[in-house]
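Listed below, chain by chain, are the residues.
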Amino acid sequence: MFITMAIERGIDVKVIAEWQGHRDGGKLILDSYSHVNRVNAQRMAQLMTSEQTSNVITMPTERLA
């Protein structure tokens, strides 16, 4: 239940794996809990937007000589 809740709350899988003592960078967790990722796919998709959010700084496009 802990891993499921951590994934649902957006904790990085590599961090969860480290907490669990895994040394595989999250592979076991991704293999075992991939269904949890699908459940949250819509919520994650909403984070991807073409609109500029207030926490993004636009970088200048001019080239430096």
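Any chance you could explain the overall build of the protein here in plain terms?
Looking only at helices and strands, the protein has four helices and zero strands in total. Secondary structure elements in the protein, listed N-terminal to C-terminal, are α-α-α-α. The contacts of the protein with a sequence gap of at least 6 include a subset with a gap of at least 24, amounting to 40%. Entry remark: accessible area of the protein is about 5,900 Å², with carbon and sulfur atoms responsible for 55%.

Can you help me understand the nonpolar core in this one?
Generally speaking, soluble globular proteins have nonpolar side chains that are buried together. In terms of nonpolar packing, the biggest core is built from eight residues, these being Ile 3, Ala 6, Ile 7, Val 13, Ile 16, Ala 17, Ile 29 and Val 36. When contributions to this core are tallied by element, the ones reaching two or more residues are helix 1 (2-8), helix 2 (13-19) and helix 3 (27-39). Excluding anything up to four places from it in sequence, Ile 3 contacts Ile 16, Gln 20, Ile 29 and Tyr 33.

Explanation requested: the packing of aromatic side chains in the structure shown.
Where two aromatic rings form a pair, the distance of their centres and the angle of their planes describe that pair. For the structure on display, the rule yields one aromatic pair. With centroids separated by 6.1 Å and ring planes inclined at 50°, the aromatic side chains of Phe 2 and Trp 19 adopt a geometry described as tilted. A residue pair is termed long-range when its members are at least 10 positions apart, and Phe 2 in helix 1 and Trp 19 in helix 2 qualify at 17 residues.

Looking at this structure, I do not really get the environment of Asn 40. What am I missing?
With respect to the helices and strands, the residue Asn 40 is situated in the loop between helix 3 and helix 4 (41-47). What makes Asn 40 buried here is its relative accessible area of 12%. In this structure the C-alpha to C-alpha distance between Asn 40 and Ile 7, which are 33 residues apart in sequence, comes to 8.8 Å. The residues contacting Asn 40, other than those within four sequence positions of it, are Ile 7 and Glu 8.

What counts and what doesn't
- Residues numbered from 1 in each chain as written.
- Predicted model: local features only at pLDDT ≥ 70, side-chain atom pairs only at ≥ 80, totals over all residues.
- Heavy atoms only, no water.
- Helix = DSSP H or I, 4+ residues; strand = E, 2+ residues; numbered from the N terminus.
- Contact = heavy atoms within 4.5 Å.
- Areas by Shrake-Rupley, 256 points an atom, 1.4 Å probe, with all protein chains shown as cover.
- Core = buried A, V, L, I, M, F, W, Y, C linked by side-chain atoms within 4.5 Å.
- Buried < 20%, exposed > 50% of the residue type's maximum accessible area, 1.4 Å probe, protein only.
- Phe/Tyr/Trp six-rings, centres within 6.5 Å; stacked < 30°, edge-to-face > 60°.

Taken by themselves, the reported measurements are silent on function.
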